[in-house]
Structure formats: C-alpha cells, structure tokens
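Analysis of the macromolecular model
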Amino acid sequence: MTAPFPRTVPATGREDPRCPNGHEPCPPDVSARRGAGPTLQVPRTAVGDTPAVRGGAPARGRCGSGGRTGVDNDFADASAQGRTAWFAEQFDALAANVESFIRGKPDVVRMALVCMLAEGHLLLEDVPGTGKTSLAKAISQSIDGSMRRIQFTPDLLPSDVTGVQVYDAGKREFVFHPGAVFANIVLGDEINRASPKTQSALLEVMAERQVTVDSIPYLVPRPFVVIATQNPVEQGGTYDLPEAELDRFMMRATLGYPDHDAEVEVVSQVTAGQSTDDLPAVLSTADLEQMNQIASQVHLAPAVLGYLVTVTAATRTMPELRLGVSPRGTIATAKAAQALAATQGRSFVTADDLKVVAPYVLPHRMVLRPEAELQGRTAADLLDQVLTSVPVPQQRAEV
C-alpha cells in the first residue's frame, strides 16, 4: 500500500534572493558544471535564454557576476536549514498551484513534484480519462520555462525526437536542427505507441541529458525533465516499454479515479471553461535549478544509506523476481528522498522518507517471474515484504 505523502511543516519567511545589483535573480550558471570537452553551442532558440555549452569558459550572469550568480552567492552564505526552508515555501506554492486544477489527488501531485525537484523523469500510467496529460500540463504550465509536447505515434521517427543535421546551401555546411527534447520539460504523450526504434531515441537523453547526432553530442537545457504517459489497458498498436527505458524513469505513478466530491469539482471547472492554460507560472527555471541543487545537498547519513542499499539488494535475491532493483534504482530512491526531505524543511533524510518514496520508485524496476504472476503476486506486495523485513536503523540521521 502506498504510504501517504507527509504534510509539509511551516517554513520561516524568506525573501527571494536578488543579485548584487538589485535585479531579479540571475539565471544559475548551468554551463560551468557540464564537464570538459569541445565547445558545442546549441541554437539559442532551442534552449531558451541560456544556450547549453559543452566545456569552454564559465557563462556570465545577466549582471556580469561571472561564474557565480546572485542566487548562488545568497544561498552560499545561508545555513542548510535556511535553504530548505526556502525550498519548502516554494514547493508549497508550486503544489497549491497544480492542485488548484488537479482535484482530489494531493499525494500523487506532490510526489510528481518531488520527482521533478530531484530532476528525475516521471511515468504516469493509468486508464484513459483520469487526468494524466492534465497533470503533466499543469506541472509544465507552473514553471516559467520551455515545454515541448511529443505525441507519440507509430510513424514518429527518432530524428523527430532528437533532431537532425540539415544541409544549409547558403553556408555550405550541415546545421543541426534541434528536436522536441530540447526543452526544460518534455511531455511524451502515449509514449508506448511509438516503435521501439523511436523509444530508444530517449535512452541517451534521459540518462545523460544530451543527444548525439552524427557523432556530435548536444546538451539539452537544464533543468531537464521528461513526463510521459501511457495507457496500460489498451494494447492494440502499442509497444511495451523495455526495462532499460523503464529504469530511466525515477518514478511511476497512477492517479486513479477521483472521489465523488473531487469529480464534481473537476466537471464544474471544465464545463466553466477552465483549463491548464489558465494556471500562472509560480517558479522560474532559475528557481527550479536552485531547488535541484538544494535537494542534492540534503544529508544522507551512512546508516540511512546502508538501510536503502540493504532494501534494494534484497530484491535481487527474491525467488519471485526475475530482475531486482538496479543500482540506478538505489540512486533514484536516494535522490527522491533528498527532495522529499527538503519539502519538509529538513536538511537530512530519514528512513521514513525512503519508505514514502519507495512505492513510487522501485516497483517498476522489479520484474516478476511468470509463476509469481500466476500466483497473483505483485511488485508492490513484494516491496512491502522487503520493507517490513529489513530493520530500520536507529541512529540519528541529522548532520
């Protein structure tokens, strides 16, 4: 059974950080952290205000502050508790904005946002008409960043996703035309309707945040999140997602049918002409990237980390499973727990955080044997069995 999403604790007030010159927060330096290599510029129209650069000199902020922006300087001097308090405030505002349209599913909404704040990819899997695409659009509408939608169909080509080199007769050279993945949030609707060849075009970009075309790598803008939907009950004209692609999704979630009151609200707002396009943007991409950084700095005590590894390793020896949780799954659980802790205004992860995110992160990475499926076993049931049997560490998790 999925653990309920813990409610956020009140966070202390904190003004939005400003740059030293008193302007709005400068965009974080996203290029200086990309590693070494030959300099490659992606066209500015493909990635928004800040082009993705591979190697080269650190990019400068709008106010000429060099590699470190006003946002970074402000947070560098703040305590870990102050940073997570600001994180929790921004998270509550974001969740309230999305929940104003997606009614009756606060736990799913908040867990989907946790996935995004850990810069993980989200797979929404449910029957038609339950609000999968609406949730994905509501999240993307709440972020003041670039969003591209890919309607996956059997005739979709890999180049439609990643981009293609086109010969420019005037320049007498090939010019790269970015595909739909060059955006902060990519909505892949009905992802299992595309052929395996097209699905495989997402493997590199989901894992490495880059695409390689004609042996040249191109970085996608950061933050970068894929939110995909699929219908598990209609199999005609669909292709199952391979385990390698499922493993790249940090979380898989279902919405389910709303209760009576929530469905009344949904019908009322839709018949009144409301849509996700009416939602305001409450976070900038600079805010989102700063929150990604704060989440990655939340402390994981050795005892808590050891508990997580014990849980995931236990799935690899279960006789009911043909395939257990991969190390990527262990990493995804840790990152999701860090983001969850930050939403509570905490600078450390507890074992309870791991238990809350585990039902969203681990079951789709557990492949059952046919005989276990015939016995009616499910990955969620087996995960509950593991979480119950592994002792929780008693040491304090704080720094």
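The structure contained in this document is the topic of the report that follows. Since the model is a prediction, treat every value here as computed from it, not as a measurement. Numbering of residues begins from 1 in every chain and follows the order in which that chain's sequence is written. Confidence filtering applies because this is a predicted model: local features only for residues at pLDDT of at least 70, side-chain atom pairs given and counted only at 80 or more, and all residues used for totals across whole chains, interfaces and linings. Side-chain metrics in this entry use all non-hydrogen atoms of the structure; hydrogen atoms and water are not considered.

1. Brief notes about the nonpolar core
Here the nonpolar core consists of buried residues drawn from Ala, Val, Leu, Ile, Met, Phe, Trp, Tyr and Cys, with membership extended through side-chain atoms lying within 4.5 Å. Three labels apply to residues, based on accessible area from a 1.4 Å probe with only protein chains included: buried if under 20% of the type maximum, exposed if over 50%, partly exposed otherwise in between. Core analysis: the largest hydrophobic core is formed by 74 residues, its most contacted members being Leu 113, Met 116, Leu 135 and Met 251. The element that contributes the greatest number of residues to this core is helix α4 (residues 106-117), accounting for nine residues. Among the nonpolar cores identified, the runner-up in size contains 27 residues, and Ala 183, Leu 202, Phe 224 and Leu 241 belong to it. The helix count covers DSSP runs of H or I at least four residues long, the strand count covers runs of E at least two residues long, and both are numbered beginning at the N terminus.

2. Observations regarding the packing of aromatic side chains
When two rings of Phe, Tyr or Trp (its six-membered ring) have centres within 6.5 Å they constitute a pair, described as stacked for plane angles under 30 degrees, edge-to-face for angles over 60, and tilted for the intermediate range. With the rule as written, the count across this model stands at three aromatic pairs. Centre to centre, the rings of Phe 176 and Tyr 218 are 3.9 Å apart; their planes meet at 10 degrees, and the pair counts as stacked. Taken together, the residues Phe 176 in strand β5 (residues 173-178) and Tyr 218 in strand β8 (residues 216-219) connect sequence positions 42 residues apart. A relative accessible area of 7% means that Tyr 218 is categorised as buried. In this structure an aromatic cluster arises from ring pairing among Phe 176, Phe 182 and Tyr 218. It is Arg 346 that lies over the ring of Phe 348; its NZ or CZ is 5.6 Å from the centre. Charges are assigned to positions over rings by a cutoff of 6 Å between ring centre and Lys NZ or Arg CZ, combined with an angular limit of 35 degrees from the ring normal.

3. Examining the pattern of salt bridges
In the sections that follow, a salt bridge refers to a side-chain nitrogen of Lys or Arg positioned within 4 Å of a carboxyl oxygen of Asp or Glu. In the structure shown here, the tally under the stated rule is 12 salt bridges. A salt bridge links Arg 110 to Glu 99; the shortest N-O distance between them is 3.1 Å. Here Arg 110, found in helix α4, pairs with Glu 99, found in helix α3 (residues 80-99); they are 11 residues apart in sequence, far enough to count as distant. The buried category is assigned to Arg 110, whose relative accessible area is 8%. Between Glu 119 and Arg 209 there is a salt bridge whose closest N-O contact spans 3.9 Å. In this pair, Glu 119 sits in the loop between α4 and β1 (122-125) while Arg 209 sits in the loop between α8 (201-208) and β7 (210-213), placing the two residues 90 residues apart along the sequence. Of the two residues examined, Glu 119 and Arg 209, each falls in the buried class. A single salt-bridge network, built from bridges that share partners, covers Asp 92, Glu 99 and Arg 110.

4. Some thoughts on the side chain of Thr 198
For Thr 198, the location among the structural elements is in helix α7 (residues 196-199). By definition in these notes, contact holds between two residues if any of their heavy atoms fall within 4.5 Å. Non-local contacts of Thr 198, meaning those with residues more than four positions away in its chain, are made with Phe 152, Leu 156, Leu 157, Pro 158 and Val 161.

5. Observations regarding helix α12 (residues 302-315)
Expected span of a helix, by definition, is 1.5 Å for each gap between consecutive residues, and there is one gap fewer than residues. Look at α12: 20 Å from first C-alpha to last across 14 residues, which is about the 20 Å you get at 1.5 Å a residue. Residues of α12 that are buried: Val 304, Tyr 307, Leu 308, Val 311, Thr 312 and Thr 315. Projected down its long axis, α12 shows its buried positions confined to an angular sector of 125 degrees, all on one face. The secondary structure elements touched by the buried residues of α12 are β12 (321-323), α13 (327-343), α14 (351-361) and α16 (379-389). When we speak of the arc, we mean the arc of directions from the helix axis to the C-beta atoms.

6. What to know about the pairing of strand β4 (residues 163-168)
DSSP-based pairing: two strands are paired if at least 2 bridges between them are found. Taken together, the six bridges between β4 and β5 define a ladder with antiparallel strand orientation. Of the residues in β5, the one forming a bridge with Val 166 is Val 175. From the end of β4 to the start of β5, which pair antiparallel, there are four residues, and Arg 172 there has a positive phi angle of about 55 degrees.

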